[in-house]
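The lines below spell out each chain.
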Amino acid sequence: MSSPTLDTSSATPATALVTPPAEEKLTKKILTADHPTWCPGCGDFAVLAAFYKVLEKLQYPHEKIVCVAGIGCSSRFPYFMNTHGIHFIHGRALPLATGVSLSRPDVHVFVFGGDGDGFSIGGNHLNHAARKNIKLTYVIMDNYVYGLTKKQTSPTSPIGFKSKTDPTGSIDRPINPMKQLLASGATFIARTHAAQVKHMVDTFERAIKHDGFSVVECLSECVMFYEGSFDDSTPRKGGTYEIIDEAQHDVKDDVAAFQLADLPSPGKFGVFYEVQRPTKNALEQKWIDETQAKLGDTPQRELLRKRFETMR
Amino acid sequence: MSSPTLDTSSATPATALVTPPAEEKLTKKILTADHPTWCPGCGDFAVLAAFYKVLEKLQYPHEKIVCVAGIGCSSRFPYFMNTHGIHFIHGRALPLATGVSLSRPDVHVFVFGGDGDGFSIGGNHLNHAARKNIKLTYVIMDNYVYGLTKKQTSPTSPIGFKSKTDPTGSIDRPINPMKQLLASGATFIARTHAAQVKHMVDTFERAIKHDGFSVVECLSECVMFYEGSFDDSTPRKGGTYEIIDEAQHDVKDDVAAFQLADLPSPGKFGVFYEVQRPTKNALEQKWIDETQAKLGDTPQRELLRKRFETMR
Amino acid sequence: MSTAPALSPSSVKALRNAVIRLAGNSQDGIQSIGGILARLAGRTQQDVMTYMTIPSTISGGPSIFQVHLGSGEVLHPGDDSDVLVAFYQHSYDSHISAVADGGICFYDSGEVTELKHERGIHHIGVPFTSATVEAVGGSARDRGKNIFVLGMLCAVFRLDKDKVAGILARQFGKKDESVLRNAMLAFDAGFAYPVGDITTFHFEEGEHKDEHRISSDGNTVMAMGLIAAGVRYGSAYPITPWSSIMETLRTELPRYGGIYVQAEDELAAVSMTIGAAFAGHLAVTGSAGPGLSLKMEALSYASMAEIPLIVINVQRGGPSTGMPTSIEQSDLMQAIYGSHGDCPRIVLAPQDVEDCFYIALEAGRLAREYSCPVIILSDQALSSRIEAFTEPDLTKHWIEPTLDLSDRGADFKPYPLDAMTRHAPPGTKINGKYPHVTGLEHDEWGHPSGNAKMHQKMTDKRRNKLVDLSKKLPLPEIYGDQEGDLLLISWGSNYGQMKESVNRLRAEGHKVGAAHLRHIHPMPAGLDRLWAGFKKVAVVELNDVGVYGYGQLAMMIRAAYADPKIQSICKTDGLTFRIREIVTGSEKIMRGDA
Amino acid sequence: MSTAPALSPSSVKALRNAVIRLAGNSQDGIQSIGGILARLAGRTQQDVMTYMTIPSTISGGPSIFQVHLGSGEVLHPGDDSDVLVAFYQHSYDSHISAVADGGICFYDSGEVTELKHERGIHHIGVPFTSATVEAVGGSARDRGKNIFVLGMLCAVFRLDKDKVAGILARQFGKKDESVLRNAMLAFDAGFAYPVGDITTFHFEEGEHKDEHRISSDGNTVMAMGLIAAGVRYGSAYPITPWSSIMETLRTELPRYGGIYVQAEDELAAVSMTIGAAFAGHLAVTGSAGPGLSLKMEALSYASMAEIPLIVINVQRGGPSTGMPTSIEQSDLMQAIYGSHGDCPRIVLAPQDVEDCFYIALEAGRLAREYSCPVIILSDQALSSRIEAFTEPDLTKHWIEPTLDLSDRGADFKPYPLDAMTRHAPPGTKINGKYPHVTGLEHDEWGHPSGNAKMHQKMTDKRRNKLVDLSKKLPLPEIYGDQEGDLLLISWGSNYGQMKESVNRLRAEGHKVGAAHLRHIHPMPAGLDRLWAGFKKVAVVELNDVGVYGYGQLAMMIRAAYADPKIQSICKTDGLTFRIREIVTGSEKIMRGDA
Ligand SMILES: Cc1ncc(C[n+]2csc(CCOP(=O)(O)OP(=O)(O)O)c2C)c(N)n1
Ligand SMILES: Cc1ncc(C[n+]2csc(CCOP(=O)(O)OP(=O)(O)O)c2C)c(N)n1
Ligand code: SF4
Ligand code: SF4
Ligand SMILES: [Mg+2]
Ligand SMILES: [Mg+2]
């Protein structure tokens, strides 16, 4: 096995932003990778299609798009995107994405995953990535069930849901995703639906344009293990899909949003909360800038040498 | 090394409640174990003293009291209680306590720990133990800092706090403990202060008497690494200690509680939220009872034998 | 039928064993009819072992289910198949090469169009799909074609039609009435379908004479074993291929007054389980590799605090998410050494499906006796494959769960230096100082101690439990030659394949024996006596040879005995060993060119 | 001064080395003056090694700080001390037995009242407390008595008073003016205090002739090494004794344009670090044992996805929370085998404080070159002890961090089967299909693959990287005899003690050599050549002998080489090896009764 050393010929300093590349029109065709391995009819197909649409609209440089995921059916998302992508371990997509976001201000970080990945095993990371206001967009494809492992109760499964781990019906109170997110300190919080393509596309776009931690819960039916879960929010199945009227609801008011989150199923959809707060990305950069300003342009190697001097 | 087999002579069936023992008057003296290793002046001493007082009042059978903790200065609590106690690993006290509570309906489970243990590494367990409404009482001794590891930023450290991991002052937005707890689904949520002994004792007592997951955030100063942190809520240091007026605040209203949690430091103290919801303990027992009712009094061994029959 | 059956039009030929491979898509219900065939074997005193592949894609895909039926002992699921049932062209193309010379291939004549006539294989086209649709009616689409095939196989092998019908009735009887009716229509159509000029076979009567013959998969049997061991509490998080154990416990335990909790993650799961153990119960948690990795910190605690505990790892292909639906035995070292610090714990591995029951019982006994965690290493093959065996005798193998809350005296010490650790769970009256359970080093009362000598003594105490156990463990018996050219050593689900390999190698004239380890850590003391009479030793296991050229169990045995004659037969291709792989590996080692 | 100094009233005696033990409570600032003594050594071309104990209680308690100063090479912190400074009766009682025959004991005559006059030890009572209060003024209570003692020791050993004053000024100068003034008052009072009829010593001039001599503790030096290696990103969670590395990185990295994140837990920390590595940076995470256990799942991912990564474990006493402020080397097996699946990763261990710098550099080089995780096993002793050494030459040891975002062609494959894995981080233009990084088994493009042969090939590829590395690693040099009775092998912070033990054993007439391993996994190929000429081999390490009687590194060497002459010298009492423990253990093994 050969062991080539790192190619540094065209290397740039670790922290520098790379100049934007020449235009290349991003199309759905270019963005499409393998055919998704999801079950026919799975809601996640629509989420993928919506994401293609948004990217077609935003036209970010192709190589600057990164898709991150944990483990689950929904977390297979990166494989179906012809962009840089990483399929990490169950529940840890957000801290991984945090590492990317903080160390690479030049790229756009998107995280995809399921309700189990995000609210069960990954619940703590959600709280902390949110309060730190890490610059990234997180889409939770919530199907109220564990899909990949074939039908166990998830933290969003409603009481009474019969699964392999609750054969007589779930008894644990599910989390309220919107309340959880509001308490977490996320600066953009919205709710949408895989069957509502236009609303989904608009919501994604707004989330992506938000400068901070933006999170979208997207109801996405698991036709295999929880058919009909979202009929009550699907108009063509007799449900109602009510979008939040932002003339009535002040998206800056988290108490109002919390109240909105109290509505019984299917609740409302749209933007629950949106505020501006400095991102951790910006705050860390500020610290760096202030620190470096004091140092003038001393080369880094010289900084370390001086540090050694203090140890004499 | 001898290997005695389990003494089953006086053993009782695993799930039976043990009859209450003869009265033994529980006093502070009996409850006191080793002298606490906390620094002189640490707020945690007062929390311990308050807990002795509550137990003196409640007079539970001595052997039915269990103290559980993770790791931290505050988590040393069980050693200072002459009761059954377990000092577990960092951040996992709640799931451990869940195992005790669900499998031993006859004992009283108390969990003690710090802000790092509870809101940082243990944050996810808090959310899930709360939503499942596990029967236990959890006291978070919040000192806004990592004490045991000698002054790093904690998830409750205010912005600007200078610690070893934030030498120029913390930049991450701290969590809002009350909001976090309200979103979690805890059924009893209160806030008290180690310097307010009476309020602390009353609050603990009410929390303990609550049938469900009760959690109390107790501000407890770390004199070593964050002196003066709670001066603004300490009247003798010029601060104000305002107790929630439950005539004005409906403790059943989580939206009102969420709004209350928006107040700037020092905020208000007392019960933010209190509702009745079936505990997981009760719901699991109900399932057991219903299942067993159908089985009549078939011995357990026979149940398994019959199960094998279906595999022929 | 290890050679192909002669096809004389009218005779009925007696069979001792046959390997039938069903190849289709996972959605076609081939597992379901394979399972019925396997269950039938148990009912008819036959031996059986199954094998299946699970597609790793979510929406399903190509999959096989192989059934090895035999009137004598069946040691392995079969390398090659005597009969292939191919549902699609891709099934045919992928699996025809695995049919033995002169074997039979049934194929769906509506799907498989290109045939390779080779090696005397008899091709028999049957329109599975259209014949099923015809029998059941249009609405069923192609559902039921698996049952059609089952009927056809019943006729070909002259299986007990009534018993099959009984199993079908139990399986489908609970659902909508029409479901069972359609199933029977498909079955009868398959049974009646004229397969042409093919011999009809019947199995010789099975050798097993006991009435209590059951057939099941390893995960179900493990769950039953845990219940018999006295487990009533625990917690886990779902993961393939562990989930079905937790699902079974969650469903069954309420009948026994117990509770099994689905936790928010594996860290919580192991913690809740330790909580139940601290509370005085025998409790179990489990997972597959990724989840086990998450439990390593708490398991270190369990060693330090000397908590009795059962932990199950149903191993799958690694590292990381790896090959989640494939087999591997690469978590052995982690089971022994995965936690920080010196963490004595016991590691066991079941050898076959039946043993999943007894290993669970033994885990419970050892956990209680030695007051420490016991890890059971099962694997993906055992988890899902079906075997037939004698129903465990619960009058002998049943432990009534108890909670010892007897009063302890003033001199009670949970961690005595000169006796086994015995905790006093909450609820126990103590006449004096209440004990604490801790992950800090501690004295005999469970009080934290930073004392240098105490740390050394407690380290000794914890380690000596395992030394004590290793001396009490019996050496495994040697199968085959008791001395000679080569001793094979294996563990876990390779048991049957290793024995079959010994049979083949001895038939070739080699002097070969085999020993199987159920106790992986500690190993029985004096293990070297096993190989004293052999020229070479080969450890057969499904993991990598690593930097130094030896598999994981081989590394442990070499480290303990420093005997250079110990070598390895390893692979990591996600599949169980084929007999020929072990045979070839053994020959190489005997020749000295391995 | 390994024998006691002669006490002739007026002569000035030249010393080559002396061990000074300061015994008091952790609150008394003994670490601080010990540190000043150690730093002084670096400034005066002396060698130094310190040792301290940290009370495990929160509010502090009895603690020692020992300084071994020498004009020649100082290999260990000293078994016995030549000089004891006892602040309290309990300090005196606990440590007087550790004073060498004929040594000196200074004690606070206001605190220590019962003396044991034994073994010719010279007792000199000095009222540290009251003399300090007198000099500084009442308000200081007993603060400053440590500085008083420093002044006294300065006078006794004729240390360079100006240099000490300079260090004090730097240390206290930043605070309130009165602080420095009070410190100088205490210092001068101690310096002037008449200690009676005691010889004054002065150290022979140090042998080191370089100007760039620095002294520091291992954790600080490790952080500097990481910066020099090009690390600019990473994340961790606090834990003793790791925390000070992360605190240093958090404080220093902004100067270099980097970010170090305090994560919510260790699971997040390792994930963020892998995120930064995936993003193209060399990144580091670290912890002590409990935190490492929590990182095992993600580290399995890093092996599978072939992520270059540095992971530091500053080991402490285990298992579980164990002895958090004591030393142990019991996480070696976990470093190699702690994750599920076959997880090739590199494990290194620094041999002394200076080496913490170079090992960090090497970790960075190997992580990038082999595209895999590298674990550095440091330990509690190295983390906090102070040594003096030559400042690293940054013109030779400095790697400028780079991010390779050069365009990749259409045929780009991140995981080629026939070449080293090279990721294309986000931001890299790919002319065709973008790569995915995954924990599933995959093909050369990073695409998930359930193919049996591919899994075998990729397992081979990942393992062969380590095989390749092992062949390139140089064998360690043998210190002492190159053949003979016994070869000692050790790793980590035992380096100096092992060499000193060889000196003693050779002085006794034994033919003994020693080899120290910095590359723990893989070990250099052909390691057995080291012991070919020795009758016995003893592996010296601070962990348990386990069920089979061998320590953790010994198990690895035995497994790899199956040579029964490899034995163990182990202990787990939370303390570093004393020379006499290694010497006695060696003698036993040479006699054949171990
Ligand atoms: C550590 C770990 N535990 C468990 C699993 C098994 N597992 C994979 S995905 C999953 C949950 C899937 O549910 P969700 O996140 O809701 O995604 P979905 O499949 O429903 O889209 C689980 C439990 C795993 N891969 N790793
Ligand atoms: C897995 C693990 N990570 C880190 C630590 C180190 N640690 C011990 S306590 C603690 C935090 C203490 O802070 P807090 O919970 O607020 O308790 P306090 O000491 O302030 O009462 C940390 C990080 C540990 N013991 N285990
Ligand atoms: S199992 Fe459910 S979530 Fe997964 S791909 Fe199928 S329909 Fe979608
Ligand atoms: S360090 Fe702080 S929290 Fe810990 S015991 Fe001391 S004062 Fe209390
Ligand atoms: Mg889901
Ligand atoms: Mg704290």
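Residues numbered from 1 in each chain as written. Chains lettered and ligands numbered in written order. Predicted model: local features only at pLDDT ≥ 70, side-chain atom pairs only at ≥ 80, totals over all residues. Heavy atoms only, no water.

## Some details on the site of ligand 1
Inference 1: Among the 22 residues in the neighbourhood of ligand 1, the closest are listed as Cys73(A), Ser74(A), Asp115(A), Asp117(A) and Glu266(C).
Inference 2: Separating an oxygen atom of ligand 1 from a backbone N or O atom of Cys73(A) is a distance of 2.7 Å.
Inference 3: Residue Ser74(A) places a side-chain N or O atom 2.6 Å away from an oxygen atom belonging to ligand 1.
Inference 4: Starting from 590 Å² of accessible surface for ligand 1 in isolation, the protein chains cover 98%.
Inference 5: Sorting the residues of the shell around ligand 1 by element identifies helix H4 (115-120) and strand E6 (145-146) of chain A together with helix H10 (289-305) of chain C as the ones contributing at least two each.
Inference 6: Among the elements that line the shell around ligand 1, the one with the most residues is H4(A), at 3 residues. (Near = heavy atom within 4 Å. Polar contact = N/O pair within 3.5 Å; in protein donor to acceptor, adjacent residues only side chain to side chain. Areas by Shrake-Rupley, 256 points an atom, 1.4 Å probe, with all protein chains shown as cover. Helix = DSSP H or I, 4+ residues; strand = E, 2+ residues; numbered from the N terminus.)

## Structural notes on the sheet that holds strand E14 (residues 346-348) of chain C
Residue and element names in this part refer to chain C.
Inference 1: In space, the 7 strands of this open sheet follow the order E11-E10-E12-E13-E15-E14-E22, with mixed pairing throughout. Only two strands of the sheet have a single neighbouring strand rather than two, namely strand E11 (259-262) and strand E22 (519-521). Averaged over all neighbouring strand pairs, the angle between strand axes comes to 20°, with direction disregarded.
Inference 2: Here strand E10 (residues 233-236) runs beside strand E12 (residues 283-287); their pairing, made up of 2 bridges, is parallel. (Pairing = 2+ DSSP bridges. Axes fitted to C-alpha atoms, helices over the stretch in contact; angles between N-to-C directions.)

## Observations concerning the interface of chain D and chain A
Inference 1: Each partner contributes residues to the interface: chain D has 86 residues there, and chain A has 66 residues.
Inference 2: Together, the buried faces of chain D and chain A total about 6,700 Å²; carbon and sulfur atoms form 61% of this surface.
Inference 3: The three residues of chain D that bury the most area against chain A are Arg255(D), Tyr434(D) and His436(D), which together make up 10% of that side's buried surface.
Inference 4: Inspection of the region where chain D meets chain A yields 3 salt bridges.
Inference 5: Glu284(A) serves as the salt-bridge partner of Arg250(D), at 3.1 Å between the closest nitrogen and oxygen.
Inference 6: Applying the counting rule to chain D against chain A returns 25 residue pairs in polar contact (both at pLDDT 80 or more).
Inference 7: Of all the elements, helix H9 (residues 266-278) of chain D adds the most residues to the side of chain D that touches chain A, at 8 residues.
Inference 8: In terms of residue class, the side of chain D that touches chain A is built from 38 nonpolar, 23 polar and 25 charged.
Inference 9: Direction of pairing for strand E3 (residues 84-87) of chain A relative to strand E18 (residues 436-438) of chain D: parallel, over a ladder of 3 bridges. When the sheet's bridge partners are listed, His87(A) is paired in E18(D) with Thr438(D). (Contact = heavy atoms within 4.5 Å. Buried area = accessible area lost by both parts, 1.4 Å probe. Salt bridge = Lys/Arg side-chain N within 4 Å of Asp/Glu carboxyl O. Nonpolar A, V, L, I, M, F, W, Y, C, P; charged D, E, K, R; others polar.)

## A word on the coordination of the magnesium ion (ligand 5)
All names here are of chain A.
Inference 1: Protein-derived ligands of the magnesium ion (ligand 5) are Asp-115 (OD), Asn-143 (OD1) and Val-145 (O), with the metal-ligand distances lying across 2.0 to 2.2 Å.
Inference 2: In primary sequence terms, the donor set of the magnesium ion (ligand 5) follows D-x27-N-x1-V. Taken together, the residues Asp-115 in helix H4 and Asn-143 in the loop between strand E5 (136-142) and E6 connect sequence positions 28 residues apart. Of the two residues examined, Asp-115 and Asn-143, each falls in the buried class. (Donors = N, O, S within 2.8 Å, 3.2 Å for Na, K, Ca; no water. Buried < 20%, exposed > 50% of the residue type's maximum accessible area, 1.4 Å probe, protein only.)

## Describing the packing of helix H1 (residues 30-43) of chain D against helix H4 (residues 145-156) of chain D
Residue and element names in this part refer to chain D.
Inference 1: Their axes nearest at 9 Å, the elements H1 and H4 cross at an angle of 30°. Between H1 and H4, the angle is such that the two are roughly parallel. As for the relative orientation of H1 and H4, their crossing is right-handed in sense. From H1, Ser-32, Ile-33, Ile-36 and Leu-37 reach across to H4, where they touch Asn-146, Ile-147, Val-149, Leu-150 and Leu-153.
Inference 2: For the contact of H1 with H4, a count of residues per class yields 7 nonpolar, 2 polar and no charged. (Parallel < 35°, antiparallel > 145°, perpendicular 65-115°, else oblique. Left-handed = near helix turned anticlockwise from the far one by under 90°.)

## Section: the confidence of the model for chain C
All names here are of chain C.
Inference 1: Across chain C, pLDDT averages 92, with 97% of residues at or above 70.
Inference 2: Long-range and interchain partners of residues 1-10, a stretch whose pLDDT sits below 50, account for 20 contacts in this model, where long-range means more than four residues apart.
Inference 3: Both scores are given for the predicted complex: the pTM is 0.94, the ipTM 0.94. (pLDDT = per-residue confidence, 0-100.)

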